Every structure is written in structure tokens, then in C-alpha cells.
Amino acid sequence: MAQYCPSFLTTAAVEYSFSLSCYYSLDINSFISVLPLLFNNNMEGGECRGGVTYTRSSPRWNSLHPWRVVATLCLHNPTTCLTQFLCKISWTMAPLSNVVLLLSALKSIAFSPILPSATHLLGTQLAAMAPLDQELELWASSEGYGKIDKAIPAGSSGWASFRKVTVTNPPESNGKPVSFFVKSSSRSAEEMFLGEALGLKAMYECSQGEDSLRIPKVYHYGDFAEGKGSLIVMEYLNLAGRSDDRALGKAMAKMHLAPPTEQAGNSNKSFGFPVDNTIGGTPQPNPWTKPNSGTKEWIEFFRDHRIGHQLNLAGDSYCSNLWENDISPRLHLLFEDLRGDKEIKPSLLHGDLWSGNIGSADGKPSIFDPAVYWGHHEAEWGMQWCAYFGRDFWDGYRSIIPENDGFEDRALLYDAYHQINHFNLFGGSSYLTAAKSDLNSMKDALNSIESG
């Protein structure tokens, strides 16, 4: 029996260890169908609750080609950043051409790190590289980074797969060689990665200097030169859990105060963003307002392209009527304190800030998975109900950006936006009930303002 047993390391949020054993047959599709089950886990609340074992046997196609797959996934410490995969492939009575087919199939579902070590066995039969491998080699060479040294799977989502990539001649950041985090998709870069790339670039530009956020630098994004697909290449960060909330508050304030510039993608000092993007899975329109926009333009932008847009998607007549008849015509009253020297100026917003998008890297606070746009800095806190900002955070933030009058009333507006978005994403009466409560409280606040 011939065997090939590679092992390799990668970095992820959870430690996985698995082994694969199979007696290979011509029924390669049945084998591939089992592999996604490796990523079904038994995790609840961030705690490991054992492993998953999956066993499947196929009908015996004939006496020469039986096959059986046994796949076991064991989860260990979910806080570790070190993950080890042990992949064992065994075959019997399989000609070399079938082995090539097996390894190529594994490669297509992001097990490519086993392939470079397998070339001594397969020779030129694996010379043809997958489009992603080709694209990475071309990019590294064109940038003077040498060749791809390692490409290690780092998980996947429903729409993209992830890798940690190292090169033979890496650039440096703070005196250390840079590793890369690569996302790839079968869809176009414009559809998948353009908004993310521009958002990360803007956050990176607005988070320079001391006491700032640690944002990964984007090195490349685009469609594959050959073949269907796209990728984004950014700096790899060793992400850890949320740590110093006071430092996070100060770093968020610094980003919010960063001036809109051409380098940050907003040379006209407007509200909006260069491209539309998404908040969760909800489309987020970002048309630019006029140059040098202020409070008036922000009110119009948020009315039409944020909460008005979400209400149209929700289709709830009670909320829509309450908004259109009792709130929208008087919305400007919530912003009367923000005129003159307190005029709202465009701030770069993460846009989807909750506890799951907050961590740390290299001893600094870090935020990720954004829905970036330029807006009113108070709109950043519309999800504080699931971001858990405590006294330390607000002490840090308010040491740089003091609270303006009317903040609590406007907070209802920004909370309602995210409650309605959650209803659009997940359904359920609780989000809609919370949105109705916000809107009714806003109506009461406006009535109180009008009555003096």
C-alpha cells in the first residue's frame, strides 16, 4: 500500500486536528461530498464541546474498487492561534492517474498545501496549477516578492475561501516580514472584493500613528488574469481577543477625526462612499453627497439611503407610516444642536461595529468585517446593544470627542436603523418590536422639542 502523509501548520481562531483515510475508487464525487462535513463542529458559546466523527461507506461498485471514508474532526482550545492539520491519504489498487485525480480534487477545495510536497510523487502530472495559485505566483513575481513559499488554508465562508500565504522575498512592516491573508472567490472582484478593499484602504489611511487601530494593509485585489475568479491580498494579522477598551475608544475617536482626503478616498469631503457595499447581507447604497457637505446633507443622506432604504426593504406599514408621517418631516429638529461650529463633518465609519467585529493585533485594538462609509460619527454606535461598550471605552472615546447635546435622542435614530436591518436579515418579531419602540420614542422626543 502506497501512502503519503503530509503535515502542516496554519493560523485560525480554533484549533482543528483531523485525519482522513480512504480506500480510493473511481467514485471521486462521493469522496468529495464527505469533505465539507469536516467543518461541521460542536461549538457553543465559544467553548469546545467535543468532536465530530463521520463515517460513510458506499455500495461496492465491484470487487476491485470498494471505498470507505472515515473523517474525524476534533476541536481543541478555541482561543489558540495555532492550528495543526494532519492529512493522511491511503489508497489501494489505484493507478497513478487516479491518485492525480484524487489530489487534484482535494486541491480544488483548498487543500492545496499538500500538493507542493506531493510533486516528488506525481512529477509533471501536477504541473498545471489552479488559477488562484497562478494568480498568486504572478502577483508575487510582479511585486518583487519572489515566489510563493507556503499557501495554507485558513477557513472559508459561504462565498469565499481563505489562505495564509508567505513569499520568499517579503516586504516588511515595523521591521518584520509580512505574511499575507488571501481571500478568493469564483465571482468577480467588483462583486466580491472591491468594496472591502476600498473600505480597508480608507480605514488604514485613517488609522495611522500612535494610539490608532491596527488595520491590515491591502496589497492587491482583482480578477484572475486567466480563468474565472477573483482575490484580495492583504496583510496577515495575528488576531486575538478584545483587550483594552479604553485604547479601543481612543483609537475609534482618532479614526472618526481623521480628515477626508484623496488617499482615504474622499477628496470632496462628502458623505457616502466610492462604491455601494453591504451591511451583513443587506445592500447598502452609498451615493456621494455634494462637496463640503454638512449637517443638512447628512440628514438627507441618512433619511434616504439608510433608514428609508431599510424601511422599504422591510415592508412594514406601521413603521413606514410612523416614519413618513411623524418623524421624517421633522428629522432636522434632532440636529439643531449640530450647526455652526458643531456642524457635522464626514467621519470614516466602520459601519457594522459589534462585539464579533472587534479584536486586537500586535498589542493594538483592531476592527474588521466593516460596512465602511463616510457619515456622522454618532451613527457608529447604532449597534452598541450588541457591542458592549462600557465605561472604559467611553472614557477613552470622550477624552477625544466629547458628547454633543441631543446625543441620546439621535441614538434612537441610529439604533432603529440597525434594528430594521436585523429584521431584514434574520426576520423575527423582536427586532421589529425594538425598531417600533425607537421610532415611537423619536416621535415623543420630536413632540417635546416642538412644544418647547
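Residues numbered from 1 in each chain as written. Predicted model: local features only at pLDDT ≥ 70, side-chain atom pairs only at ≥ 80, totals over all residues. Heavy atoms only, no water.

1. A closer look at the overall build of the chain
When helices and strands are counted, the chain shows 12 helices and 23 strands. For the chain, buried positions account for 49% of its 452 residues. (Helix = DSSP H or I, 4+ residues; strand = E, 2+ residues; numbered from the N terminus. Buried < 20%, exposed > 50% of the residue type's maximum accessible area, 1.4 Å probe, protein only.)

2. Here we look at the sheet that holds strand S16 (residues 230-235)
Across the sheet, which stays open at both edges, the five strands sit in the order S10-S11-S14-S16-S15 with antiparallel pairing between neighbours. Looking at the sheet topology across the chains shown, the edges are occupied by strand S10 (148-156) and strand S15 (218-223). Direction aside, neighbouring strands of the sheet carry axes that sit 20° apart on average. Here S15 runs beside S16; their pairing, made up of five bridges, is antiparallel. Note on S16: the bridge partner recorded for His-220 is Val-233. (Pairing = 2+ DSSP bridges. Axes fitted to C-alpha atoms, helices over the stretch in contact; angles between N-to-C directions.)

3. Some thoughts on the nonpolar core
With 76 residues, the main nonpolar core has Met-252, Trp-298, Phe-335 and Ile-367 as its most contacted residues. Here this core takes eight residues from helix H11 (residues 407-426), the largest share from any one element. With sequence-adjacent residues up to four places away left out, Trp-298 is seen in contact with Phe-271, Phe-335, Ile-344, Tyr-373, Trp-374, Gly-375, His-376, Ala-379 and Tyr-414. In this structure, Leu-132, Leu-136, Ala-140 and Phe-180 belong to the second largest nonpolar core, which totals 16 residues. (Core = buried A, V, L, I, M, F, W, Y, C linked by side-chain atoms within 4.5 Å. Contact = heavy atoms within 4.5 Å.)

4. So, the packing of helix H8 (residues 295-314) against H11
For the pair H8 and H11, interaxial distance at closest approach is 8 Å and the crossing angle is 30°. Classed by the angle they form, the pair H8 and H11 counts as roughly parallel. Between H8 and H11 lies a crossing whose hand is left-handed. Contacts between H8 and H11 involve Trp-298, Phe-302, Arg-306, Ile-307, Gln-310, Leu-311, Leu-313 and Ala-314 from the first element and Leu-413, Tyr-414, Ala-416, Tyr-417, Ile-420, Asn-421, Phe-423 and Asn-424 from the second. (Parallel < 35°, antiparallel > 145°, perpendicular 65-115°, else oblique. Left-handed = near helix turned anticlockwise from the far one by under 90°.)

5. Structural notes on helix H4 (residues 131-142)
Over its 12 residues, H4 runs 16 Å from end to end, which matches the ideal 16 Å to within 8%, given 1.5 Å per residue. After H4 finishes, the residue Gly-144 shows a positive phi value of roughly 80°. (Expected span 1.5 Å × (residues − 1).)

6. Things to note about the environment of Glu-135
Along the chain, the position of Glu-135 falls in helix H4. Sequence separation of Glu-135 and Phe-224 is 89 residues, and the distance between their C-alpha atoms is 6.1 Å. In this structure Glu-135 touches Asp-223, Phe-224, Ala-225, Glu-226 and Leu-231, once residues within four positions along its chain are discounted. A distance of 2.7 Å separates the side chain of Glu-135 from the backbone nitrogen of Ala-225, its partner in a polar contact. (Polar contact = N/O pair within 3.5 Å; in protein donor to acceptor, adjacent residues only side chain to side chain.)

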